[in-house]
Amino acid sequence: MTHSSGPAGAGCRTALVTGGTSGLGLAMAQALAGAGLRVVVTGRSGERAAKAAGQLPWATGLAMDVRDEGSVTSAIAAAWSRLDGIDLLVNNAGIGMRTVNPQFMTEPRGFWTVPPAGFLDVIATNLTGYFLVARAITPRMLEAGGGRIVNVSMNHSTMTRAGFVPYGPSRAGAESLSRIMAADPGAAGPRKPRNLLEPEIMGPPIAWLASAEASGVTDERIVATEFVQWLSDRRRAIRTET
């Protein structure tokens, strides 16, 4: 997902890639450096970041723990100074399912077995980390006249795949964050606020979900404003099947 602002047609000359010491992050950093950009790569280990940067022309490695606001603030300031401004942020730092279940591919587990500490760490890295880094760099970009932010996501099926708590929810949250970032004032001009709904609109659907008729209903996304039509369509489909 991409959030961008700034003059149309202006190419990027500098980039910051979080989680750039290996895998997707390093591959993207290599591609950007190959395209002529000056790049800063970050990772929790400053030593690993420096080693990764050593593989790239005109690159620098910095330590950044995206879970920690102080670490993010310091690293952004250092990267901005070294590059004399950052045109492109690639939010990529993340950890996967292996941190909470090493056998997640062959032995998926129910969400209730996930250790709370592991859940919080994945969310802190994959979702809160994106927010903290974007939050730290956006004011600088706006003051400089614009910039681009790319939040690396993944396919929708993995977001809802059985046994993928908390990785799937963390990436779904990051995608939602990306859409809101792109829609926020200042990203692409002011927008008219949408009308807010009254709380009472949630009454009929929640009452129905508690009824006998809803027994066995699972994995349904019910939109409150469309509930009456949704329920009518559901009942019609059931009658047709029987």
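Residues numbered from 1 in each chain as written. Predicted model: local features only at pLDDT ≥ 70, side-chain atom pairs only at ≥ 80, totals over all residues. Heavy atoms only, no water.

Draft legend 1. Examining the packing of helix H4 (residues 116–144) against helix H6 (residues 167–183) more closely. Interhelical geometry of H4 versus H6 gives an angle of 15° and a closest axis separation of 7 Å. Comparing the axis directions of H4 and H6 gives the class roughly parallel. Two packed elements cross with a definite hand, and for H4 against H6 that hand is right-handed. Here Val122, Ile123, Asn126, Leu127, Tyr130, Phe131 and Ala134 of H4 come into contact with H6, specifically with Tyr167, Ser170, Arg171, Gly173, Ala174, Leu177 and Met181. Here the residues of the contact of H4 with H6 sort into 10 nonpolar, 3 polar and 1 charged. (Axes fitted to C-alpha atoms, helices over the stretch in contact; angles between N-to-C directions. Helix = DSSP H or I, 4+ residues; strand = E, 2+ residues; numbered from the N terminus. Parallel < 35°, antiparallel > 145°, perpendicular 65-115°, else oblique. Left-handed = near helix turned anticlockwise from the far one by under 90°. Contact = heavy atoms within 4.5 Å. Nonpolar A, V, L, I, M, F, W, Y, C, P; charged D, E, K, R; others polar.)

Draft legend 2. View of the nonpolar core. Grouped together as the largest cluster of nonpolar side chains are 40 residues, with contacts concentrated most on Leu16, Leu32, Val39, Met64, Ile86 and Ile137. Looking at this core, the elements with two or more residues in it are strand E2 (14–17), helix H1 (23–34), strand E3 (38–43), helix H2 (46–53), helix H3 (69–83), strand E5 (88–91), H4 and H6. Apart from residues no more than four positions distant in its own chain, Ile137 is found in contact with Leu16, Ile76, Trp80, Ile86, Leu89 and Ile149. (Core = buried A, V, L, I, M, F, W, Y, C linked by side-chain atoms within 4.5 Å. Buried < 20%, exposed > 50% of the residue type's maximum accessible area, 1.4 Å probe, protein only.)

Draft legend 3. Looking closely at the environment of Val114. If you trace the backbone, Val114 turns up in the loop between E5 and H4. Each C-alpha atom, one on Val114 and one on Gly163, is 9.6 Å from the other, the two residues being 49 residues apart in sequence. Discounting residues that sit within four places of it in the chain, Val114 has contacts with Val100, Phe119, Val165 and Pro166.

Draft legend 4. Spotlight on H1. The terminal C-alpha atoms of H1, which comprises 12 residues, lie 17 Å apart, in line with the 16 Å expected from a rise of 1.5 Å per residue. The complete set of buried residues in H1 reads Gly25, Leu26, Ala29, Leu32 and Ala33. End-on, the buried residues of H1 take up no more than an arc of 125°, which puts them together on one face. Summarising the geometry of H1, the exposed residues directed more than 90 degrees from the buried face are Gly23, Leu24, Ala31 and Gly34. Taken together, the buried residues of H1 touch E2, E3, H2 and E5. (Expected span 1.5 Å × (residues − 1). Arc of directions from axis to C-beta.)

Draft legend 5. Main features of the packing of aromatic side chains. With the rule as written, the count across this model stands at 5 aromatic pairs. Taking the centre distance of 5.6 Å and the plane angle of 80° together, the rings of Phe104 and Phe164 count as edge-to-face. Of the two residues, Phe104 is situated in the loop between E5 and H4 and Phe164 in the loop between helix H5 (156–159) and H6; the sequence distance between them amounts to 60 residues. Judged by relative accessible area, Phe104 falls into the buried class, the value being 11%. An angle of 85° between the planes, with centres 5.3 Å apart, marks the rings of Phe111 and Trp112 as edge-to-face. With respect to class, Phe111 is no different from Trp112; both count as exposed. Ring pairing ties together the aromatic residues Trp208, Phe227 and Trp230, which thus form one cluster. (Phe/Tyr/Trp six-rings, centres within 6.5 Å; stacked < 30°, edge-to-face > 60°.)

Draft legend 6. Expanded view of the pairing of E3. Within E3, 5 of the 6 residues are buried, which leaves the element mostly enclosed by the surrounding structure. Pairing of E2 with E3, which is carried by 4 bridges, proceeds in the parallel orientation. For Ala15, the partnering residue across the bridge sits in E3 and is Val39. Note on the crossover from E2 through H1 to E3: the handedness is right-handed. Direction of pairing for E3 relative to strand E4 (residues 59–63): parallel, over a ladder of 5 bridges. Bridging across to E4, Val40 finds its partner in Thr60. The handedness of the E3 to E4 crossover, carried by H2, is right-handed. (Pairing = 2+ DSSP bridges. Right-handed = clockwise from strand over helix to strand, strands pointing away.)

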